Structures are given as C-alpha cells and as structure tokens.
Amino acid sequence: MQNLTSQQANWLALPPPASPPRWGKALCGLAIALLWLLPFSYVLLAIFKSTAEYAASPPLSLPEGVSPLLENIRMAWEQGDMAQAMLNSSLYAAVGASLAVLLAAMAAYPLARMQFRHRNLWFLLLFAGTVFPFQMYLIPLFFGFQWAELLDTHLGMCLLYTAICIPFPVLVLRNYMQNLSLEIDQAARLDGASEFTLFWRIILPNLRGPMSAVFLLQFTWIWNDMLFSSVLGNSPDTRSIMNALLVFQGSYAQSGPNIMLTAAVLASLPTLLLFVLLRRQFMQGLRV
Amino acid sequence: MAEVCLRDLVKVYEQQVVVRGINLDIPDGAFVVLVGPSGCGKSTTLRMIAGLESISHGQLLIDGKLANELPPQERSVAMVFQSYALYPHMTVQENLAFSLKLAGISAAERQDRIDAAVKTLELAPYLNRKPAELSGGQRQRVAMGRAIVREPKVFLFDEPLSNLDAKLRNQMRVEIKRLQHRLKVTTVYVTHDQVEAMTLADIMVVMKDGAIVQQGSPLDVFRNPANHFVASFIGTPQMNFFHGTLQQEGEHFFFASPALRIPLDRTRFGTALTHGQRVCAGLRPEDILPHWPDETPPAAETFAATITLSEMLGNETLLFAESASGPLIARQLPPRPVADGQTLRFTVRTENLHLFDADSGISLRADQPQRQETNTP
Amino acid sequence: MNPLLQHDQQLLARIGLAQIKARERARQGRQFRLALRFMAPALLLVTALLLLPVLYNIWLSFTQWQLFEGRDEFAGWENYHQLWSSPYFDDALGNTALWVVASVLFPLTAGLGLALLFRQMPGQEWFKSIIFLPRILAPTAVGVMWYYVYAPQGMLNQMLGQFTSMPVETGWLFEEQLVTPAIILTFVWQSCGLVMVLLLLGLAALPRDPLDAARMDGARPWQVFRHITLPLLAPTLLMVVILSVLAGFTVFDLLWVMGANYPQQRTLSLAVFMYFEAFQKNSWAFAAATAVVIGGVVLAVTWLQTLLQARVDRMVR
C-alpha cells in the first residue's frame, strides 16, 4: 500500500461516489413516463365519449360514462370497413412473416455453413433488398403488378410482403447460425443425414429464439404498412388495416375524432397485444 | 469391422501441402493412434478418412473399397469429436436414436442397440436429459454411445479426452480401451498426448509436418525411436540429449562429450560409425542413475553433476541436474534425500543408450525396425 | 524448413497441382449447386420484387412518357433538369434536410438523456416499455392520433389555453411554419424509444475498467462521461445516427396522414413529393427520377456508414 498518490488514497478512503438518490431518479422517470403517456391518455379519454359529448366538452375532460365506447366501436368498425381489412392484414402478416422467416432461414443456411465461391456476393445480393428506400420499388411494382394481374389481389400482396421481409432475417439468422458449433453438422453427416434433413432437423430447431424474435418484428412491420397497400392493393377487398384507416380518415372526417381515434385504437390492438405479451422477444430482436 | 488402407494420401490446402503422402495399412480390429505435435496433420488425416475433408491425391480404401469420393453419409464411419458435437435440442435418447432412424432401422432393433450401449456406458439415468444438463464426462459417453449404436466399420476419435480434467481423462482412457477390446472395431484415434498414445495403441503412428515419422507398437517405438524427434516426443519426462562426437580407438568406438565417455557396443550400432562424427546421445531419465558412495561400484564410468532441483513424486524423485555436458533429468528410485547444490555422481545404463546423428537426427542403431518410406527432414 | 519446401514442390509437380485444383473446383461447384437449391426461393422473390424494380426505376427515370405516341422515349437527363427547376422540389428538399437534421438531433439527445436516466433505476423495465411502446404502433395510427392532438379543438390547444388562460386555436398542421416542426415532434415521440433502447444496449456493453480507472484518477462524473463514456460509445452512436438519418429521409406515413389537409402537402418531403407526382399526377418518369435521387442519397449514406463504422470500431478497440 505504498506510494499512492493523494488522489488515489482519497479514492480508496471515501465511499464510492453516490449516484443521485434513487427516488429522485424514479420521480424524474415517472414524470417523463407520464408525459409520454399524455397522448395515449387523450385517446383513451376520447374513445369513451359519444360524438356529441366529444364536441361539447374539452378534450382532456373525463368521459361521463363507459357506454359510448361500444357505440364508437360499432361505428368505427362498420364505417371504416374494418372487418375485411383486419382479415386482410392478418393474412398478410401471418403468411408474409412466417414464409419470409422460413425462406430466409433456408437461404441463410448455406451462407453460414457451406463453402462455395463468391459466397459473400450472394449474401449481398439478398441483403441489397433492404438497402434501397421503398420509393424506388413503388412505380415499377405498380406497373409490374398491373402487367401480371396481381394488382389488388391477396396473392400479390402476400408475395410482396414476403419478399420485403426476407433480407433482414437473412442477416440475423446467418449471424446466428455462424455461431452454432460447426461440428454438429459434421456429426449429423456422419450419422447419415442428407443436407436437407440436416437443415430441417438439426439446425432449425436450434434457431427458435432468433426466428421468433425476427418473426415478431416482421409481423409488426407488415401489419403497420400503409404505403404498399395503398399502391398495390387499394381495393376495399384487399386493403390492409392501416390503409383502411387512412381511407377512413380521408373520407369520414365528419364522423368525429372520437370515432376516428377508436378506429386507430382498434387497428393497433393486435400489435399492442403482441407487444404486451411478448415484450422480451421484441427486445431480443433488437440485439442484432 | 474393416481394414483401412491409406495409399500415398496427400492433402493440399491453398497451395500448401498439409499432408504429405501418408501410407498406412490398418488391419481389421486394430487400435491405431495417430500422435504428434499440433499442426502435424493427424486431425486432417482423420477427417479425410471420415470424409469431412476432401482428398487431394492418393487412395483411401475402407474394407477393400475405394472411398475417396464417398460422402461421409455413406462410409459407415462413426466419429467422436473433441467437443462431442451432441445435438443440443435433443435428449440423450434422441441423440442416440437419430442415426438409426435415418438408416431406417426398425424400432425394435433400435431399442436393442440403444439398450446395449446404455448398459455399457452407464447412461441410464440420463436418457431424458439434454446435453446442456450433462457434465463433460457424461457428454463424452453419450458421444461414444452415439458412435457405438451405429455399428460402424470404423471408429474415429478426434482428441476426445482433451476437454476433460486429468482424473476423468485417466478413467475414460481405460473405458475406451476396454470398449474397443470388447467390440473389436477398427479404431483410429488422434491425440497429441503421448501417454494416451502409449496406453491405448496397438499400433502407434508418430506424425510430424504432415508425414509419418515412425510407426509400430508403442513399446517398439519407445525402445527404438527412429530419430531424434520421436525419441524426444515419446516418453515422460523427455529423454536427455547430450552432444558429442564419436571417437575411434582401434576396434572400439566411444561416445565422447565433456561429461560422459561411453564405450559403444558395435553389435548395436553397426558399421555406420565414423570417427569424428558429430552425434547426439540419448538417455532416458530412468537410464541415468545417481551413484552413492555406499553402493557397489557401477559397471560404467561415473560423471559428476550438480543438483539444481528435485521433484519428489512419492514413489520416485526426479533429479534436475547440471553436468559438464549440459542439463539432465534423472529418475531416482527409491528416493533418497538430496539437497539443491549438492554434487552427485551419476552412472548410465549403456545398454539403453541411443545415438542420433547430430545433423540428420536419424538413429544410428543397427537394429532399426523397418521404417516407413517417408520424407522426413 | 527448406528441405520440406523443396520436397513439397517435387510432390506437387509429381501429382499435378492443376489436377488437385480442378478437383477442388468441381467439389465447390457441387456445393454451390446444393447451396443454390436452398437459396432459390428467397433469391427468386427478392430479385423479382425488389432488385429488378430498382433497375427498372432507374431506367424509367431516363425516359419520358410521350402522351400522343403512347410509349416511353429515352429522354436523358430531362427529368432531372425538371426536378431541379421545380419550386416544389426545392421546398421539399429543404424540408427533407430539416427532417434529417431534426431526426438525428432530437431523438439522439432525448434518447441519450433517457438512457442515462434509466440506466440504473428501479422499475426500469416498465419505463422502457412505455417509452418504447409508440414504436410498435403503425405510423399511420400514430398520425391519426396526433392529428387530433394538433387539431384546432384538440388536446394541445386546450392545454395551452389553460396555461395562457386564453383560447388557443392554432391550426398546427395547416400553417407553413408550424406543420413540419409539429410532425417532427410526433416523430421524436415515436422514435425516441428505439434510440433509447439501442443506447442502453450500447452502454451496457461498455467495459467497466476504463471508467473505474478514470474515477480513480480523480475525474468527476461529468468528465468521465465526456472523455471516456462518449468516445467508447462511438460505434453505437454512429449506428444510431445512421439509422436516424435513413429514417428521417424516408418518413412517409406520418406526413401523408397528418399533412393531408395542408395545401402544399407535396413539399413536406421528397418522399411525399415523389408519391404525389407518381400516384396523383401520374408523371411516372418524373417521380422515378425523384425516387432515384432519394435512393442515391440513401445509398451514399449507407456507404459512408460502412466506411466510418470500420474506422470507428478500430479506434475504440
């Protein structure tokens, strides 16, 4: 213990520097959280008011009762034509995300575990799909869908969403697969497994974590899409839920904010639910 | 069960020759150990037999059939990896059953084989656990079980004991040997640990720089190392080497060095000796004996050396000493108290003397076993 | 080693290096065909729906639709010239620049502040979730919500009115000076969460030793932060900045929903401008040129990022 500088001696003698008192931080955090929730609270209050009530009272006042909610829901649902749109988005998100993740895993497998020439170039080819902004796809896809008669079809939308959701999972799954022990492959081959059996029975079961994380992200993204739906699938039969919301906002503005906000809440419910239930998987997907 | 033949096996990796023309005939049911320092090509050779590395040139024959182009799936070869490579998402039972299911073996037969392996390796309490819940030794046994149930033609082991602690390693060594004796499957085992090689092998193959340097029974290789490298690699503690020259006096030859002067038996060293040849004398620690004044006079000359360190192992003591010819290690049984700095006189067992040419490292013994045609430097 | 090398050369000459190479290439060829079978579906979809369209877009931007002849004709840089001289384009460009700056500055500072605040706090999981929640919502839904927050009779005006005790009826989304800042605020509210989480992850991954060493050397918390924490955080910060730039550049849904009643909506950003030209005015080639401009900037930024990222990573190690 000799030859310490006075500074070091002081540091050793004193207790560790106290961080600002815990409750101070907590209070601060609480204040910020409340601030963040303000718009939500406004929405929550509004959806419980009937149209007349909303118009008559200040926006942040408490609603008089709970009953208008049901009426608001009914009106939003019918006037916004939400039933069909919900169905559409459910289809697109479920099919698109799961197919994309599966195809991405299939593509990532040779990129991570096999050796062949220009392997990296092939990966870049797949990944190039995310590099360009969406604006560059819109017009060509519109023309292409027109020509292929895929415009305003469920099939067309599913294909599109799948394609867009492939590149990112390829990156994630490839990185994850590279970290799996290589010798498992070799052991499986010696055991007599064909390449596809290897992929399906050995590699895939070990990818459950990243695959579900990435599935959630892509599902949410597809559910939230408005742009592609409005360009490539704008008919009432094939609209996505957000597209329907947009249309609703544009045409029924006279319905009153309480109805519109109810519609917005309804449209967001499924993803909200997913987030509440599966928060950890969402966060995991970010660790990429 | 099958013979394995390696004929002029070469592996070239990115213009570098990694395995240089290996010739090896492995009889059916033999336990062959490939041993050598890291980078000597032993693992690569093993993987070429398995089909996990492509063969650049040469022939691999398994059971008489050319196997070069066969994919690993079709070679009927089972391998135990250094890291065990168990399927992490499957239970022990499923790990064992996997290859059998792929081969389309009936459920009844599958169960029979698994039961037999489980009994042999004492895996019964672990059948429903996943690899992550097992200790290193348990995982190792599952890996071996996975190989056994396949009833392959050849067993391959790639340094399977490296990841285990010393005690477990010794236990598993014995188990592996017992297993192989019972099953009588042709086995190729790779290790860098010469103790494993000595204890396990029927045929020990010493490799260096991608070539076979010597092969034979362990005792053979131990007693008659073909060159300096093998002599230094096999045997713990390492053999002692002393530099010196050959001197001829009439009909007799002597090894002469500052500390030692040893008469040479012509029948052992043949006609290859020339006066003035620079040589390296090799003596194992057990062949250098401290000579106490109260003992009967020794057969050969004694020389002096100063003790620098002694390691007491209980049944014997290793004496580290400094002589006029350089440092040496001697084994002393039974142990007697020795002090650092003490000067003792030592004698040697001349019948176990090895001589190596100082430049080429090749042994000068006349009774060298027929060596493999290799290209040793 | 020399005798070995000599021997190797003889060996290679004897067995023929060329032959070995040929066999290796054949093997790799087989591996490649196998790999192709796995990659095929993904490659097909991505090429057909993502890559080919990009090429087509670029080609399209160099054509002009001849109304009377009913086909495209190669027009060189005509569209780009028009772009440059369009007043709407200038405004849109200006607004986009504003967006990029704002979308880097505000979420970063706010996110950093929040991350530092929430680093060791009881109940931080809840707080993180609340701040992150808006990120899950669709920008469209968020746009609808905030449309009514900003409405003349909406929440914001009411709150302001209570503070100033005078009725406030600003049309936040209808006035030129107010519309972009207002939407930027919404954007920050929505994207702070992601920035905060990323920064938290980055902070958690920092090595402890340099920080402890600095404290031992007598540095006060603020100095530790400025001279040790921030530089070590550089790679994460860079990634966040790049993500923010890209996000700010391609914002669309918010602008489309919240700016719906703003007369000059198409000037709100380049992305909106492009959509407007394409699907409202049907000037396809013109819009394609806009898209190419957007794409070019995004690519340049991404390329810059990869360069900088490598260098910053090396600095930190």
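Residues numbered from 1 in each chain as written. Chains lettered and ligands numbered in written order. Predicted model: local features only at pLDDT ≥ 70, side-chain atom pairs only at ≥ 80, totals over all residues.

Caption draft 1: Representation of the overall build of chain B within the structure. Each helix and strand counted, chain B has 9 helices and 20 strands in total. By principal-axis analysis of the C-alpha atoms, chain B measures approximately 75 × 45 × 35 Å. Partitioning the contacts of chain B with sequence separation of at least 6, the portion at a separation of at least 24 is 67%. (Helix = DSSP H or I, 4+ residues; strand = E, 2+ residues; numbered from the N terminus. Contact = placed C-beta atoms within 7 Å.)

Caption draft 2: The arrangement of the overall build of chain C in detail. Of regular secondary structure, chain C possesses 14 helices and 2 strands. Taken against the 2.2 N^0.38 rule, which gives 20 Å for 317 residues, the C-alpha radius of gyration of chain C at 28 Å runs more than 25% over that of a compact globule. Expressed as lengths along the three principal axes of its C-alpha atoms, the size of chain C is roughly 95 × 80 × 35 Å. Sequence-distant contacts, at least 24 apart, represent 67% of the contacts inside chain C between residues at least 6 apart. (Rg over C-alpha atoms; globule rule 2.2 N^0.38 Å.)

Caption draft 3: Looking closely at the interface of chain B and chain C. Contacts between the two partners involve 11 residues from chain B and, on the opposite side, 10 residues from chain C. Looking at the side of chain B that touches chain C, the elements that each hand over two or more residues are β1 (4-13) and β2 (16-26) of chain B. No other element matches β2(B), which puts 3 residues into the side of chain B that touches chain C. Tallied by class, residues from the side of chain B that touches chain C come to 4 nonpolar, 5 polar and 2 charged. (Nonpolar A, V, L, I, M, F, W, Y, C, P; charged D, E, K, R; others polar.)

Caption draft 4: Fine view of the domain arrangement of chain B. Residues and elements named next belong to chain B. With domains assigned, chain B is organised as domain 1 (4-231) and domain 2 (238-357). Put simply, the middle of domain 1 and the middle of domain 2, counted by C-alpha atoms, are 39 Å apart. Opposite the 4 residues of domain 1 that make contact, domain 2 presents 5 residues. Classifying every residue of the side of domain 1 that touches domain 2 gives 2 nonpolar, 2 polar and no charged. (Domains from an automatic or database assignment.)

Caption draft 5: Local environment of the domain arrangement of chain C. Residue and element names in this part refer to chain C. When cut into domains, chain C gives domain 1 (2-61) and domain 2 (87-316). For domain 1 and domain 2, the distance between their C-alpha centres works out to 42 Å. Residues of the side of domain 1 that touches domain 2, tallied by class, amount to 2 nonpolar, 2 polar and no charged.

Caption draft 6: The arrangement of the environment of B:M90 in detail. Residues and elements named next belong to chain B. Relative to the helices and strands, M90 resides in the loop between β6 (77-80) and α2 (92-102). C-alpha separation for the pair M90 and K65, spaced 25 residues apart in sequence, amounts to 34 Å. When residues no more than four places from it in sequence are discounted, the contact partners of M90 are N95 and F98.

Caption draft 7: Up close: the nonpolar core. By size, the foremost hydrophobic cluster in this structure holds 280 residues, and its most contacted members are A:A104, A:A107, A:I166, A:L245, B:V33, B:L156 and C:A42. Here the element with the most residues in this core is helix α5 (residues 82-113) of chain A; it accounts for 17 residues. Aside from chain neighbours lying at most four places away, what touches C:A42 is A:L103, A:A104, A:M106, A:A107, A:L126, A:I166 and A:V170. (Core = buried A, V, L, I, M, F, W, Y, C linked by C-beta atoms within 7 Å. Buried ≥ 20, exposed ≤ 12 C-beta atoms within 10 Å, placed from the backbone.)

Caption draft 8: Expanded view of the confidence of the model for chain B. All names here are of chain B. In the predicted model, chain B carries a mean pLDDT of 88, and 95% of its residues have values of at least 70. Mean pLDDT across the elements of chain B ranges from a minimum in helix α9 (residues 266-269), with 80, to a maximum in strand β3 (residues 31-35), with 96. Of the regions scoring below 50 in pLDDT, residues 370-377 engages in 16 contacts with residues more than four places distant in sequence or in other chains. (pLDDT = per-residue confidence, 0-100.)

Caption draft 9: Up close: the interface of chain A and chain C. Each side of the interface is counted separately: chain A has 78 residues, and chain C has 71 residues. Examining the composition of the side of chain A that touches chain C, we find that 12 residues originate from one element, helix α2 (residues 22-46) of chain A, more than from any other. Across the side of chain A that touches chain C, the residue classes break down as 57 nonpolar, 15 polar and 6 charged.

Caption draft 10: A look at the sheet that holds strand β11 (residues 240-249) of chain B. All names here are of chain B. Strand order in the open sheet formed by 5 strands is β13-β12-β11-β14-β20, and the pairing between neighbours is antiparallel. Two strands lie at the open edges of the sheet, namely β13 (261-263) and β20 (354-357), each paired on one side alone. For this sheet the average axis-to-axis angle between neighbouring strands, irrespective of direction, equals 35°. For β11 and strand β12 (residues 252-256), the ladder comprises 5 bridges, and the chain directions are antiparallel. Of the residues in β12, the one forming a bridge with Q248 is F253. (Pairing = 2+ DSSP bridges. Axes fitted to C-alpha atoms, helices over the stretch in contact; angles between N-to-C directions.)

Caption draft 11: Structural context of the environment of C:P139. The residue C:P139 is located in helix α6 (residues 139-149) in this model. Overall, C:P139 belongs to the buried group, with 26 C-beta atoms counted inside 10 Å. Between the C-alpha atoms of C:P139 and C:S165, which are 26 residues apart in sequence, the distance is 33 Å. Apart from the residues lying within four places of it in its own chain, the contact partners of C:P139 are A:N224, C:D253 and C:L254.

Caption draft 12: Looking closely at helix α11 (residues 195-203) of chain A. Within α11(A), the full set of buried residues consists of A:E195, A:L198, A:I202 and A:I203. Taken down its axis, α11(A) places every buried residue within 70° of arc, on the same side. (Arc of directions from axis to C-beta.)

Caption draft 13: Molecular detail of the packing of α2(B) against helix α3 (residues 107-121) of chain B. All names here are of chain B. Following both chains from N to C, one finds α2 and α3 inclined at 145°, their axes separated by 10 Å at the closest point. You can see that α2 and α3 cross each other, and the crossing is right-handed. Across from L96, A97 and L100 in α2, the residues of α3 making contact are R110, R113, I114 and A117. Taken together, the residues that form the contact of α2 with α3 break down as 5 nonpolar, no polar and 2 charged. (Left-handed = near helix turned anticlockwise from the far one by under 90°.)

Caption draft 14: Representation of the pairing of β12(B) within the structure. Residues and elements named next belong to chain B. Of the two faces of β12, only the one carrying F253 and F255 is buried; H252, F254 and A256 on the other face are not. Count of turn residues in the β11/β12 antiparallel hairpin: 2 residues, of which G250 carries a positive phi of about 70°. As paired elements, β12 and β13 share 3 bridges and run antiparallel to each other. Counted as the bridge partner of F255 is I262 from β13.

Caption draft 15: Inspection of the sheet that holds strand β18 (residues 326-332) of chain B at higher detail. Residues and elements named next belong to chain B. Ordered in space as β15-β19-β16-β17-β18, the 5 strands form an open sheet in which the pairing is antiparallel. If you trace the sheet from one side to the other, it starts and ends with β15 (288-291) and β18, each paired once. In this sheet, neighbouring strand axes are inclined to one another by 45° on average, regardless of whether the strands run parallel or antiparallel.

Caption draft 16: Examining unusual backbone geometry more closely. All names here are of chain B. That bond from T236 to P237 is cis: its omega, -10°, falls within 30 degrees of zero. On the secondary structure map, P237 appears in the loop between α8 (228-233) and β11. Its identity is not glycine, yet S76 carries a phi of approximately 55°, on the positive side. Backbone geometry at K184 places phi at a positive 55°, although glycine is not the residue there.

Caption draft 17: A look at helix α13 (residues 270-280) of chain C. All names here are of chain C. With 9 of 11 residues buried, α13 lies mostly within the body of the structure. Where α13 is concerned, the buried positions are L270, A271, V272, F273, M274, Y275, F276, E277 and A278. In the segment just after α13, N282 is the residue with positive phi, at about 55°.

Caption draft 18: Up close: the confidence of the model for chain C. Of all residues in chain C, 95% attain a pLDDT of 70 or more, and the chain-wide mean is 82. Interface predicted TM-score (ipTM) for the complex: 0.84; the corresponding pTM is 0.80.

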